[in-house]
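# Structural features, examined
What follows is the residue order along each chain.
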Amino acid sequence: MVKITVNGRVVDADPTKPLIKACHDNDVDVPMYCYHPGLSPVGSCRICQVEVKQGEAPGRVVVACRTQPAEGMVVDTESPKAHATRRECLEFLLKNHPLDCPICDKAGECDLQDFTYEEGQAQGRSHEPRRPLEKRKSLGEVIVLDEERCILCSRCVRFFEEVPKKAQLTVSDLGSRSVISTFMDRPLSGNYQGNIADLCPVGALTLKKFRFQARVWNLVKMASTCVECSRGCSIQVETLRGSDVKRFRPRPNEQVNGWWMCDHGRFAFDHANAAGRLEGARMLEGTQLVQTPIEEALCAVRDALMGSKGGLVVLSPFCTVEEGRALRELAQRHQAEIAYVSPPPSALKDELLHTGDPCPNRRGLEELGIRGEAGETLTARLAAAKVGLIAGERVVELLGPERVRELPGTLALFAFECHPVASRALRAEVGIANHVERTGTVVNVDGIRGPLAAAKPAPRGVRALERHLQDLARLSPRRETAVR
Amino acid sequence: MKAYETYLLDRAKVEGNHQLATYRRLGGYKALEKVLKGGLTPAQVVDEVKRSGLRGRGGAGFSTGMKWSFMPDVAKDPRPRYLAINADESEPGTCKDRVLMERDPHGLVEGSLIAAYAIQAKAVYIYVRGEYRLPHDRVAAAIQEARAAQLVGQHILGSDFSCEVFMHKGAGAYICGEETGLMESLEGKRGHPRQKPPFPAQSGLWNSPTTVNNVETVFNAPFIVERGAAWHAAIGTANSKGNFLCGISGHVNRPGVYELPFGVTAREILEDKAGGVWKGRQLKAWFPGGSSCALLKGADIDVVLDHDSLRARGSSLGTAAMIMMDDQTSMARVMEVIARFYEHESCGQCSQCREGTQWLSQIFHRIAHGRGQADDIDTLESLAKGMAPGKTICALSDAAAIPTLSAVRLFKDELIACIREQRDPLAAPAPKYATVGAH
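Within every chain, residues take consecutive numbers counted from 1 along the sequence as written. For this description, chains carry letters from A and ligands carry numbers from 1, given in the order in which they are written. Owing to the predicted nature of the model, reporting of local features is limited to residues with pLDDT of at least 70; listing and counting of side-chain atom pairs is limited to 80 or more, with chain, interface and lining totals taken over all residues.

The next subject is the overall build of chain A. Looking only at helices and strands, one finds 15 helices and 23 strands in chain A. The C-alpha extent of chain A, read off along each of the three principal axes, is 90 × 50 × 35 Å. A total of 484 residues make up chain A; the buried ones form 48% of that total. Note on contacts: residues are paired as contacts if their backbone-placed C-beta atoms lie within 7 Å. Sequence-distant contacts in chain A: of pairs separated by 6 or more residues, those separated by 24 or more amount to 65%. Labels follow the DSSP assignment, with helices taken as runs of H or I lasting at least four residues and strands as runs of E lasting at least two, numbered in each case from the N terminus. Burial is judged by counting the other C-beta atoms within 10 Å of a residue's own C-beta: 20 or more makes it buried, 12 or fewer makes it exposed, and any count in between marks it as partly exposed, with every C-beta position built from the backbone.

Next up, the structure:
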């Protein structure tokens, strides 16, 4: 570590990292387009120019992303010279930028737009027409490229070279004719394409799935954790005014996912938005499932568990640590056995982030002493039991919907699920909140805890599983009483 | 007409000198023998060149011996070391290396080997401009002949020194003549210049210590080794030593490449060598060293040609490629052509250069075609100041800005007249065919 002065404040800086990082780490704002903390610096956009003084030499304006901090360096990011240089640079960047912010998906979170508001001139000086290029060039199934908006920062090019380590994009042609393209216009491939839309400092690379879906300032953003594999990438859940989820985006977390997430997780919000939710509770009356007050259904669960010794509680691996703990207590109270469904690994496993293990909270549940078993084993055990409780998001899907449907009538099956359950054994079912509607904690493959956030309200009459379990505990007599 | 001692072009004037037999008959490879058999150490060669005052001929005019001495100590740095010869001569107006490669290819090979010995490089890469077919073929043939004669390859002339010489053809990009762009291109990548530092001597080709020298620079090495630093240092002016090749082109009677010592005046070259301005006209403006230098007015023709005196006039010697323009020349048109060249050749990495070169080109195009706007001159000036100096990764942006600033400074009235009259008073008649693109 070396000591440098940034805008009059003496701070510590890592001499192996670019100066811009030292500025950002100390909350000094320096604009950047080509620089990204997760990629190698190239110093091509030239927007991060700051004034640097070393020793007695007069101040020089340098690019902060290609300058190493040195002991005693005096950095002024706000000097008139630095401002003037950045303003000049900005004018060049805007020379051919179409300024179609009103129809651009990036508007509102665009680095170029933000910095133009801050620093730019109100009036352009160019009399020339702007460079006409392709406005909507498909780069595969995920990304669409607007060549006109591109400021050629090359972050996307470096991303594929450095992160998934499979180069797919390049800058083709020279000078002002440069465009981003793939080799022979081949579509992009791989599980990490979506990241380049986050990386793009302007609206050149956009997600096909997010195009024209929402203005970003209407999105409510909550910090959460991805539940599509046991990596548990830190994400931001973005809902349109608190209703549907429009976007999952990675949240920087150097311990877990860096700045990235995979497309499998990124586009997994269809689950979260799916219609046909189980609302309130339903109980079997005769041969019909009828809507009942939740309290009644919970009483039925309690009665069934109390009456039987040796019930079976089956958890979804999507259950949080808190839900796991509450279900374990419930099982202990009624001397029931407990296990979670452990589906086979998926083929999506890779070297970068995806672990291939579809259980987001395997480690959290294992730490609670709950063991995982395959769907077949658990349905067989359920079929042999008198009372069964299946609980958690997607538990039916993971047990196998067919096998659940065919469970024998000798079993009294109770379910806490997001969607209605189809089973011959079903006695009562209660709707629960999904992973973007409830809070909780999941523990990833490396033992790092990630929060779930209630980013949107659950449908009417739907509460979190944890809430139901609390009510159930209140309804149950203490264990001593039950034993006596 | 004064006579000066010549040596650079002497052999080139002899028919058949591109072949080894003739070259040897004319004293070729004597210097290499002196180095390898005479027991000169690499440090002694570097020192000799340092004392000779030889400066790089690629445009920047940096001391060659100094550059060689920047290579890390071979005992402390086990990485392989490379010498790259910049033969990507593509500056408008510059054609001196072409003459050397076509007519004296062995001189280049010998010079390269001496330079490689001095910096203890095991390989030399000669990066030739793609359009230079004959120069490429001549040098390639020379390397083959030299290899057969044990002058290239393992144990050169029976000594411990081994060095390979490879040829590499560029694909026609001006930016690959920038030393870091050249290295990227040699590595098989796009010719995008690298940010310095690290300098090539610390981390160049394949992250190894590399020296990049111009053809004419290393061509001088054998003469210095053979005749001694003192002989070389006696020619020229205080800070510019030796003879240089001057390519004079444009509106002159005898354009060509001439060899002269530093310290002659531009008038001597124009009048004695190139036969004066053509058609009996007056000199209006000239570039002293290729189109990247600041323009000078015709009245400046008595300037002494060396690095210092041109710097004092606000220009530079560059590659000593003088482009002469007569009094019928439209400066708006000249600048249009030059700005279009830099627009076409900008690599596109840095914002200022990518957009700025295009912008300059668009403005000069409008002015030259009678569509200038009242604020154009101010815009040109502030754009050029926003592009240089030292605001980008390499100097291409500066190369576009410097002539622009000089044109605006020296020929402002003419440009304003073009804008005011909405036509170019000096416009040449329209060409019979349409020109497409920059080439």
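From this point, the discussion proceeds with the structure in view.
This part takes up the overall build of chain B. Assigned secondary structure in chain B consists of 17 helices and nine strands. Relative to the compact-globule value of 22 Å for 439 residues, chain B shows a C-alpha radius of gyration of 22 Å, a close match. Sorting the 439 residues of chain B into buried and exposed places 54% on the buried side. A fraction of 71% describes how many contacts in chain B between residues 6 or more apart in sequence connect residues 24 or more apart. As a reference, a globule follows 2.2 Å times the number of residues to the power 0.38, and the radius of gyration itself is taken over C-alpha atoms.

What follows concerns the packing of helix α13 (residues 331-345) of chain B against helix α14 (residues 351-368) of chain B. All names here are of chain B. An axis is simply a line fitted to the C-alpha atoms; with a helix, the fit covers only the stretch in contact. Between two such axes, the angle follows the N-to-C directions and lies from 0 to 180 degrees. Packing of α13 against α14 brings their axes to within 8 Å, and their N-to-C directions diverge by 155 degrees. It follows from the interaxial angle that α13 and α14 lie roughly antiparallel. Once α13 is placed against α14, the crossing between them reads as left-handed. The residues of α14 that touch α13, namely those facing A332, R333, M335, E336, A339, R340, Y342 and E343, are T357, Q358, L360, S361, F364, H365, I367 and A368. Should an angle lie under 35 degrees it is considered roughly parallel, over 145 roughly antiparallel, and from 65 to 115 roughly perpendicular; all remaining angles are considered oblique. We call a crossing left-handed when the near helix sits turned anticlockwise from the far one by less than a right angle, and right-handed when that turn is clockwise.

Bringing the sheet that holds strand β6 (residues 256-261) of chain B into the picture now. By definition, the strands of a sheet pair up through backbone hydrogen bonds, in either a parallel or an antiparallel sense. Residues and elements named next belong to chain B. Any two strands are treated as partners once DSSP identifies two or more bridges connecting them. The five strands lie next to each other as β6-β5-β9-β7-β8, forming an open sheet whose pairing is mixed. Edge strands, defined here as strands with exactly one partner in the open sheet, are β6 and β8 (296-297). Here four bridges tie strand β5 (residues 243-250) to strand β9 (residues 321-326), and the two strands are oriented parallel to one another. Along β9, the bridge assignment pairs S249 with I323.

Following B:K196, the chain continues to B:P197 via a peptide bond in cis, the omega torsion being -5 degrees. Assignment of secondary structure puts B:P197 in the loop between α8 (179-186) and β4 (210-214). A cis amide bond links B:P197 with the next residue in sequence, B:P198, at an omega value of 5 degrees. Mapped onto the elements of the fold, B:P198 is located in the loop between α8 and β4. Unusually for a residue other than glycine, A:L152 sits at a positive phi of about 55 degrees.

Moving on, we come to the interface of chain B and chain A. How big an interface is tends to be expressed through the accessible area that disappears when the partners come together. On the chain A side, the residues contacting the 25 residues of chain B number 22 residues. Secondary-structure elements contributing two or more residues to the side of chain B that touches chain A are α13, α14 and α15 (376-387) of chain B. Residue contributions to the side of chain B that touches chain A peak at nine residues, all from α14(B). For the side of chain B that touches chain A, the class distribution of residues is five nonpolar, 15 polar and five charged. Amino acid classes used here: Ala, Val, Leu, Ile, Met, Phe, Trp, Tyr, Cys and Pro are nonpolar; Asp, Glu, Lys and Arg are charged; the rest, including Gly, are polar.

All names here are of chain A. Taken together, three strands build an open sheet; the order of strands is β6-β7-β10 and the sheet is antiparallel. Both edges of this open sheet fall to β6 (137-138) and β10 (205-207), since each of them pairs with a single strand only. Examined bridge by bridge, strand β7 (residues 143-145) and β10 share three bridges and lie antiparallel to one another. Following the sheet pairing, L145 is matched in β10 by L205.

For the rest of this paragraph, the subject is the domain arrangement of chain B. Residue and element names in this part refer to chain B. All the domain ranges listed were derived from an automatic or database domain assignment. Partitioning chain B into structural domains gives domain 1 (11-233), domain 2 (243-326) and domain 3 (331-421). Of note, the centres of domain 1 and domain 2, computed from C-alpha atoms alone, are 27 Å apart. Grouping the constituent residues of the side of domain 1 that touches domain 2 by class yields three nonpolar, five polar and five charged.

We now examine α14(B). Residues spaced three or four apart along an α-helix face the same direction, because each turn holds 3.6 residues. All names here are of chain B. Here the expected length of a helix is defined as 1.5 Å per residue gap, with one fewer gap than residues. Between the first and last C-alpha of α14 there are 25 Å, a value that for 18 residues agrees with the 26 Å anticipated at 1.5 Å per step. In terms of residue burial, α14 counts as a mostly covered element, since 17 of its 18 residues are buried. One or two steps after α14, the chain reaches G370, where phi turns positive at roughly 75 degrees.

All names here are of chain B. Between helix α2 (residues 30-37) and helix α6 (residues 105-119), the least distance of the axes is 9 Å, while the angle of their chain directions is 20 degrees. What the angle tells us is that α2 and α6 run roughly parallel. Our pair here, α2 against α6, has a crossing hand that is left-handed. Of the residues in α6, those touching α2 at A31, L32 and V35 are E110, L113, I114 and Y117. Across the contact of α2 with α6, the residue classes tally to six nonpolar, no polar and one charged.

On to the confidence of the model for chain B. What pLDDT reports is the predictor's confidence in each residue, on a scale of 0 through 100. Counting all residues, the mean pLDDT for chain B is 94, and 97% of those residues have values of 70 or more. Scoring of the predicted complex yields 0.92 for pTM and 0.91 for ipTM.

Here B:V74 lies in the loop between α4 (64-69) and β1 (82-87). When the C-alpha positions of B:V74 and B:G153 are compared, they lie 20 Å apart, and in sequence the two are 79 residues distant.

Quick look at the pairing of strand β17 (residues 337-341) of chain A now. The two faces of a sheet get side chains in turn, since along a regular strand they alternate between them. Residues and elements named next belong to chain A. The pairing of strand β16 (residues 312-315) with β17 spans four bridges and is classified as parallel. When the bridges of β17 are listed, L312 appears paired with E337. In this fold, β16 hands off to helix α9 (residues 321-333), which returns the chain to β17; that crossover is right-handed. As judged from the three bridges shared by β17 and strand β18 (residues 371-373), these two strands associate in the parallel manner. Among the inter-strand pairings, Y340 is bridged to a residue of β18, identified as G372. Handedness of a crossover: with both strands directed away from the viewer, a clockwise path from the first strand across the helix to the second marks it as right-handed.

Residue and element names in this part refer to chain B. Burial analysis of β4 places five of its five residues in the buried class, which makes it a mostly covered element. Side chains T210, V212 and N214 of β4 all project onto a buried face; the interleaved residues T211 and N213 project onto the opposite face, where all are buried too. Pairing of β1 with β4, which is carried by five bridges, proceeds in the parallel orientation. Counterpart to Y82 in the pairing with β4 is T210.

This part is about helix α8 (residues 294-307) of chain A. Helix length check: α8(A), at 14 residues, gives a terminal C-alpha distance of 20 Å against a target of 20 Å (1.5 Å per residue), a fit within 8%. Those residues of α8(A) that are buried lie in contact with β14 (281-285), β15 (288-292), β19 (387-391), β20 (412-417), β21 (426-431) and α14 (465-475) of chain A.

Summarising the model, chain A shows a mean pLDDT of 93, and 98% of its residues fall at 70 or more. Long-range and interchain partners of residues 480-484 of chain A, a stretch whose pLDDT sits below 50, account for two contacts in this model, where long-range means more than four residues apart.

This next bit is on the environment of A:D270. Positionally, A:D270 belongs in helix α7 (residues 269-273). C-alpha separation for the pair A:D270 and A:Y35, spaced 235 residues apart in sequence, amounts to 33 Å.

Residues and elements named next belong to chain B. The term nonpolar core means buried Ala, Val, Leu, Ile, Met, Phe, Trp, Tyr and Cys residues held together as one set by C-beta atoms within 7 Å. In this structure, A84, I85, I114, I269, M322 and M324 are the most contacted members of the largest nonpolar core, which totals 131 residues. Tallying contributions element by element places α6 first for this core, with nine residues. Not counting the four nearest positions on each side in its chain, I114 is found in contact with A31, L32, V35, V45, A221, P222 and V225.

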